[in-house]
Amino acid sequence: MSNSLISIHRLLLLVVLGSFSPSVFAYLDPSTGSMILSAIVGVIATAGLALKTYWYKLKSFFSSSKSVIDSDSSSESDLTQEDQSD
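Asker: Just checking my understanding: could you explain the overall build of the protein for this structure?
Answerer: Helix and strand content of the protein: 3 helices and 0 strands. Starting at the N terminus and walking to the C terminus, you meet the elements of the protein as α-α-α. Taking all 86 residues of the protein together, the buried fraction comes to 0%. About 8200 Å² of surface is accessible on the protein, with carbon and sulfur atoms providing 68% of the total.

Asker: Help me understand a nonpolar patch on the surface, please; the structure alone is not making it clear to me.
Answerer: On the surface, Leu11, Leu14 and Val15 cluster together to form a nonpolar patch covering roughly 320 Å² of accessible area. Examined against the element boundaries, leucine 14 turns out to sit in helix H1 (residues 3-19). For leucine 14, a relative accessible area of 60% corresponds to the exposed category.

The rules behind these values
- Residues numbered from 1 in each chain as written.
- Predicted model: local features only at pLDDT ≥ 70, side-chain atom pairs only at ≥ 80, totals over all residues.
- Heavy atoms only, no water.
- Helix = DSSP H or I, 4+ residues; strand = E, 2+ residues; numbered from the N terminus.
- Buried < 20%, exposed > 50% of the residue type's maximum accessible area, 1.4 Å probe, protein only.
- Areas by Shrake-Rupley, 256 points an atom, 1.4 Å probe, with all protein chains shown as cover.
- Patch = residues over 30% accessible without salt bridge, like charges linked within 9 Å, V, L, I, M, F, W, Y side chains within 5 Å.
- Salt bridge = Lys/Arg side-chain N within 4 Å of Asp/Glu carboxyl O.

This is the structure:
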């Protein structure tokens, strides 16, 4: 059997077994809903920050290093010009 066929069988079994589960009478007060909402917002914010951090790392990795060399050489030339004027 292929992996996709096995996963379809497992999903079908889960749906069938889940449909025969007994009813559960549980009370979710407003603070529980607020806590769940806060957790969801926190996970989204964390995922966004992680994506932003790794995006900039990947961007700097693949960007040309010529701009870094140019900025380093310009700062060095500024220093040598100051030394010569003294």
